[in-house]
Amino acid sequence: FPYTTLFRSNTIVSAEEFEAVLGWSKRVELSTPVNGLVQKVFVQPGKIVAKGEVLIQLDPRAFKADLIYAKAEFNNTDEQRQEAKRELDRQTDMYDRTMLSEHDLQVAKNNFTSAQALYLQAQSSLTKAKLNLEYSAIRAPFNAIIISTTTVKGQVVASEINPPVLVVVAEAYRMLARFYTTTDKIKSFIVNQGVKINVAENSYQGKILNIALEPGKLKVDHYAVDVLFDTKNNILRAGQKATVDL
């Protein structure tokens with residue numbers, strides 16, 4: 001890496017400049033675990049979106065219908081469970097007063113156990129129906145920039161075997177600058193160390209996020225150092241060349 005010596009009055013200030021390449025601080029491929037028909041695509045590459053914003057919406061009608069049915073089943077089994085509990089309490093009271101056989105009490109217990117099992121199954125189905133409706137909308141997991149999407153309205157999404165990637169996002173306005181160093185220099189770096197990143201004609205302040213423990217695949221004694229920085233709302237691209245000043 002090039003080495004630069006700066007002169008200020010009679011004081012010599014030494015600084016190193018490392019060539020770097022930009023990458024995304026977070027890059028996520030978004031999919032969904034449910035099957036459905038794409039109803040709307042709200043984004044295109046380059047768009048900035050807020051956390052929680054809907055990016056792609058599957059047709060929600062089937063999911064809403066399943067939720068209505070699941071709620072009805074849950075309410076029905078809940079009433080049956082409560083009635084079975086009341087009956088068990090009555091039978092238990094009668095048994096305690098020696099007015100009921102042990103067999104009849106056991107039948108009441110069995111009926112309550114069955115009603116309880118149906119209630120728990122309905123509760124599980126209701127939870128799944130709520131989640132499926134939630135999963136029908138693919139949302140931004142954080143403030144993000146849309147990198148790519150090939151999803152179109154009317155596309156069938158079949159997620160049972162291999163969920164397709166519907167949209168790729170990266171964290172907005174935060175990037176990584178990666179440079180490489182050798183073992184004789186790596187001890188001079190520490191995590192959270194402040195550095196300056198130069199991209200084109202702009203400079204940014206950042207900090208060292210990670211120092212690799214294994215060398216890169218292309219060279220021996222060649223360790224990656226990742227620097228995290230805020231782009232000041234500028235749109236930068238992965239693969240851009242940069243320099244890191246220490």
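Fair warning: this is a prediction, and the values are worked out from it, not measured in the lab.

Conventions used here
Residues numbered from 1 in each chain as written. Predicted model: local features only at pLDDT ≥ 70, side-chain atom pairs only at ≥ 80, totals over all residues. Heavy atoms only, no water. Helix = DSSP H or I, 4+ residues; strand = E, 2+ residues; numbered from the N terminus. Rg over C-alpha atoms; globule rule 2.2 N^0.38 Å. Buried < 20%, exposed > 50% of the residue type's maximum accessible area, 1.4 Å probe, protein only. Contact = heavy atoms within 4.5 Å. Areas by Shrake-Rupley, 256 points an atom, 1.4 Å probe, with all protein chains shown as cover. Lys, Arg positive; Asp, Glu negative; His and termini not counted. Charge placed at Lys NZ, Arg CZ, Asp CG, Glu CD. Salt bridge = Lys/Arg side-chain N within 4 Å of Asp/Glu carboxyl O. Expected span 1.5 Å × (residues − 1). pLDDT = per-residue confidence, 0-100. Phe/Tyr/Trp six-rings, centres within 6.5 Å; stacked < 30°, edge-to-face > 60°. Pairing = 2+ DSSP bridges.

Tallying secondary structure elements over the chain gives 3 helices and 15 strands in all. The C-alpha radius of gyration computed for the chain amounts to 30 Å, which surpasses the reference 18 Å derived for 246 residues by more than 25%, pointing to a less compact arrangement than a globule. C-alpha extents for the chain along the principal axes are approximately 105 × 45 × 35 Å. Relative to its 246 residues, the chain shows a buried fraction of 35%. Nonlocal contacts in the chain, meaning residues at least 24 apart in sequence, comprise 72% of its contacts between residues at least 6 apart. When the accessible surface of the chain is totalled, it reaches about 15,400 Å², and 52% of it is carbon and sulfur. Side chains of the chain carry 30 positive and 27 negative charges; the gap between the two charge centres is 7 Å.

On the secondary structure map, alanine 115 appears in helix H2 (residues 102-135). Those residues in contact with alanine 115 that sit more than four places away from it in its chain are Gln80, Arg81 and Ala84.

For the structure on display, the rule yields 12 salt bridges. In this structure, arginine 27 engages glutamate 29 in a salt bridge whose closest nitrogen and oxygen atoms are separated by 3.5 Å. A salt bridge links glutamate 83 to arginine 86, with the nearest nitrogen and oxygen atoms 2.9 Å apart. Of this pair, glutamate 83 and arginine 86 both sit in helix H1 (residues 61-96), 3 residues apart, roughly one helical turn. Given a relative accessible area of 36%, glutamate 83 falls into the partly exposed group. If you follow the salt bridges from partner to partner, you end up with Glu83, Arg86, Glu87 and Arg90 in one network.

Helix length check: H2, at 34 residues, gives a terminal C-alpha distance of 49 Å against a target of 50 Å (1.5 Å per residue), a fit within 8%. Every buried residue of H2 is accounted for by Leu105, Ala108, Phe112, Ala115, Tyr119, Ala122, Leu126 and Ala129. Buried residues in H2 make contact with H1.

Where the model shows low pLDDT, its predicted coordinates should not be examined in detail. Of all residues in the chain, 94% have pLDDT values of 70 or greater, and the mean over the chain is 91. With pLDDT under 50 throughout, residues 1-14 is counted as low confidence; its partners more than four residues away or in other chains account for 18 contacts.

Applying the stated criterion across every chain yields a total of 5 aromatic pairs. Note on phenylalanine 179 and phenylalanine 189: the rings are 5.6 Å apart at their centroids and 75 degrees apart in plane angle, and the pair reads as edge-to-face. On the criterion of sequence distance, the pair formed by phenylalanine 179 in strand E11 (residues 174-181) and phenylalanine 189 in the loop between helix H3 (183-186) and strand E12 (194-199) is long-range, its members being 10 residues apart. The class for phenylalanine 179 is buried, based on a relative accessible area of 0%.

Following the sequence through the fold, threonine 243 ends up in strand E15 (residues 241-245). For threonine 243, the contacting residues outside a window of four places in its chain are Glu17, Phe18, Ala20, Lys196, Ile197 and Asn198.

Turning our eyes to something else, we now look at the sheet that holds strand E9 (residues 156-157). Reading across the sheet, the 4 strands line up as E7-E6-E4-E9 and stay open at both edges, with antiparallel pairing between neighbours. Every interior strand has two partners, whereas the edge strands, strand E7 (137-139) and E9, have only one. Here strand E4 (residues 36-41) pairs with strand E6 (residues 54-58) via 3 bridges, running antiparallel. Bridge assignment links valine 38 to a residue of E6, and that residue is leucine 58.

Attention now moves to the sheet that holds strand E8 (residues 144-148). One open sheet accounts for 4 strands, arranged E3-E10-E8-E5; its pairing is antiparallel. Taken across any chain shown, the strands that pair with only one partner, and hence form the sheet edges, are strand E3 (27-30) and strand E5 (48-49).

Another aspect to go through is H1. Relative to the 52 Å expected for 36 residues at 1.5 Å per residue, H1 spans 52 Å between its end C-alpha atoms, a close match to the ideal helical length. The complete set of buried residues in H1 reads Phe63, Leu67, Ala70, Phe74, Thr77, Asp78, Ala84, Leu88 and Gln91. Elements that come into contact with the buried residues of H1 comprise E6 and H2. With its phi angle positive at about 55 degrees, threonine 98 sits one or two positions after the end of H1.

With a phi close to 75 degrees, asparagine 192 is a non-glycine residue in the positive phi region. By the secondary structure assignment, asparagine 192 is in the loop between H3 and E12.

Take the environment of alanine 70 next. Structurally, the position occupied by alanine 70 is in helix H1. For alanine 70, a relative accessible area of 6% gives the class buried. For alanine 70 and glutamine 123, which are 53 residues apart along the polypeptide, the C-alpha to C-alpha distance reads 8.2 Å.

Where E4 lies against E9, 2 bridges are found, and the strand directions are antiparallel. By the bridge assignment, leucine 37 is partnered in E9 with valine 156.

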